[in-house]
Amino acid sequence: MDTRTLIKGIHHVTATVNDAIEDFNFYTQTLGMRLVKKTVNFDNHHVYHFYYADQVGTPGTVFTTFPYKGQTNVKMGVEGSGQIVTTALSVNPESLGFWDQRLREQGTLVTYGERFGQPFLWFRDPAGLQIELIGDADDQRAPWHTEEIPDAFGVRGIHHVTLSIAPDQWQFMLDLLQQELNMQLIAQDNSRVRFAIAEGGAGAYLELRQDSYAQPGKNGIGTVHHVAFKVADDEALMALRDRLTELELKPTELRDRKYFHSVYFKPQSSMWFELATMGPGFTLDEPEAELGQLLLLPDWEEPHRAEIEAVLPSLK
């Protein structure tokens, strides 16, 4: 199997955040994304795992968070090189004025910019994550419907993530993305480049920014933990795992995340890449109309439900 064509775009982005209720309110109310799954960190059941997305959690629309407030073993992260530094969400370009006003009214500092011919707003979420709303007129994905945000202005999903790369790692990353991960360099602006994943488009872009003086990043609260790239199925996943092993990138064993299967590896010191299957999807254990309403646990955690629910904050 030719592994160079197996990655089809972004599956999801996962970040470590602070307060669970602040996070939930910001992404579901302020940004109007749907909570499609409320579960726990499979590696730490005292921490929520929230999945925000479109109506059904289509791969490429999914932004997920671990709210680690109060967990003594997780400190504040440090932004720097070797790290995923910004997550860009796709919106209609004509909606940026609406979003500017909405964010400012809620006390969020917003700045404007333009990159590769597309306008964007930059701000930080309640945990300090760098978020952009980028105007992409070609993105036809349907946002989740809410009463406060017109459908034409809603968040359509992930547009791209930006990686901060030190000069001595720049060529390695260019080669890895182009030769092994099905990405093509399509635009360059000074120290920043944009890659199209497979056929490209919103949800299938990746950007690299060369940072000559940035300190090495450290994972923690307020940083992105990983970006996941989508593959069709377990066969593609394991073929890519074999290839990563050949490249001495030390991929993990296959991990069952219930709603998809995954393999992880680290191309940089503070950056995880994940490969994730397209299915089985978020309607595996609850119907589409009820997604995100109940706390869903993996089978092995069900015996601990009472203990888990006792320590997790209640969401209204």
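Before reading on, note that the structure itself is shown above.
The following refers to the structure shown. (Residues numbered from 1 in each chain as written. Predicted model: local features only at pLDDT ≥ 70, side-chain atom pairs only at ≥ 80, totals over all residues. Heavy atoms only, no water.)

**Notes on the overall build of the chain**
Part 1 of the reasoning: Across its full length, the chain holds five helices and 16 strands.
Part 2 of the reasoning: Rg of the C-alpha trace for the chain: 19 Å, near the compact-globule value of 20 Å for 316 residues, within the 12% margin.
Part 3 of the reasoning: C-alpha extents for the chain along the principal axes are approximately 50 × 45 × 35 Å.
Part 4 of the reasoning: Taking all 316 residues of the chain together, the buried fraction comes to 57%.
Part 5 of the reasoning: Put simply, 67% of the contacts in the chain that link residues at least 6 apart link residues at least 24 apart.
Part 6 of the reasoning: In the chain, which carries 27 positive and 44 negative side-chain charges, the distance between the mean positions of the two groups comes to 4 Å. (Helix = DSSP H or I, 4+ residues; strand = E, 2+ residues; numbered from the N terminus. Rg over C-alpha atoms; globule rule 2.2 N^0.38 Å. Buried < 20%, exposed > 50% of the residue type's maximum accessible area, 1.4 Å probe, protein only. Contact = heavy atoms within 4.5 Å. Lys, Arg positive; Asp, Glu negative; His and termini not counted. Charge placed at Lys NZ, Arg CZ, Asp CG, Glu CD.)

**Some details on a negative patch on the surface**
Part 1 of the reasoning: On the surface, Asp 233, Asp 234, Glu 235 and Asp 256 cluster together into a patch of negative charge.
Part 2 of the reasoning: Locating Asp 256 in the fold gives a position in strand β14 (residues 255-256). (Patch = residues over 30% accessible without salt bridge, like charges linked within 9 Å, V, L, I, M, F, W, Y side chains within 5 Å. Areas by Shrake-Rupley, 256 points an atom, 1.4 Å probe, with all protein chains shown as cover. Salt bridge = Lys/Arg side-chain N within 4 Å of Asp/Glu carboxyl O.)

**Comments concerning the sheet that holds strand β8 (residues 130-135)**
Part 1 of the reasoning: On the basis of which strands lie adjacent, the open sheet formed by eight strands has the order β6-β7-β8-β5-β9-β12-β11-β10 and mixed pairing. In the strand order of this sheet, the two ends are held by β6 (111-115) and β10 (183-189), each with one partner. Pairs of neighbouring strands in the sheet enclose a mean axial angle of 30 degrees, with direction left out of account.
Part 2 of the reasoning: Direction of pairing for strand β11 (residues 192-197) relative to strand β12 (residues 205-210): antiparallel, over a ladder of five bridges. Looking across to β12, one finds that Arg 192 is bridged to Arg 209. (Pairing = 2+ DSSP bridges. Axes fitted to C-alpha atoms, helices over the stretch in contact; angles between N-to-C directions.)

**Observations regarding helix α2 (residues 96-105)**
Part 1 of the reasoning: If you check which residues of α2 are buried, you get Leu 96, Trp 99, Asp 100, Arg 102 and Leu 103.
Part 2 of the reasoning: A positive phi of about 90 degrees marks Gly 107, the residue just after α2.

**Considering the side chain of Ser 81**
Part 1 of the reasoning: Among the structural elements, Ser 81 can be located in the loop between β4 (62-67) and β5 (83-91).
Part 2 of the reasoning: On the basis of relative accessible area, Ser 81 is assigned to the buried category, the value being 7%.
Part 3 of the reasoning: With near-sequence residues (within four places) excluded, Ser 81 lies in contact with Ser 164, Ile 165, Ala 166, Ala 214, Gln 215, Pro 216 and Gly 217.

**A few points about the packing of aromatic side chains**
Two aromatic rings, taken as a pair, are described by how far apart their centres are and by the angle between their planes.
Part 1 of the reasoning: Counted under the stated rule, the structure contains 17 aromatic pairs.
Part 2 of the reasoning: With centroids separated by 6.3 Å and ring planes inclined at 55 degrees, the aromatic side chains of Phe 24 and Phe 50 adopt a geometry described as tilted. Separated by 26 residues along the polypeptide, Phe 24 in helix α1 (residues 20-30) and Phe 50 in strand β3 (residues 44-53) bring together distant segments of the chain. In terms of burial, Phe 24 and Phe 50 fall into one category: buried. (Phe/Tyr/Trp six-rings, centres within 6.5 Å; stacked < 30°, edge-to-face > 60°.)

**A look at the pairing of strand β13 (residues 223-231)**
Part 1 of the reasoning: Extensive coverage of β13 is indicated by the burial of eight of its nine residues.
Part 2 of the reasoning: By the bridge criterion, six bridges tie β13 to strand β16 (residues 271-280) in an arrangement that is parallel. Counted as the bridge partner of Val 227 is Phe 273 from β16.

**Quick word on the sheet that holds β14**
In sheet architecture, strand pairing relies on hydrogen bonds along the backbone and comes in two forms, parallel and antiparallel.
Part 1 of the reasoning: Sheet architecture is open: eight strands sit in the order β2-β3-β4-β1-β13-β16-β15-β14, paired in mixed fashion. With partners counted over all chains shown, the strands left at the sheet margins are β2 (34-41) and β14, one partner each.
Part 2 of the reasoning: Direction of pairing for β2 relative to β3: antiparallel, over a ladder of seven bridges. Looking across to β3, one finds that Leu 35 is bridged to Tyr 52.
Part 3 of the reasoning: Along the sheet, α1 contacts β1 (9-17), β2, β3 and β4; its crossing angle with β3, the most-contacted strand, is approximately 10 degrees.

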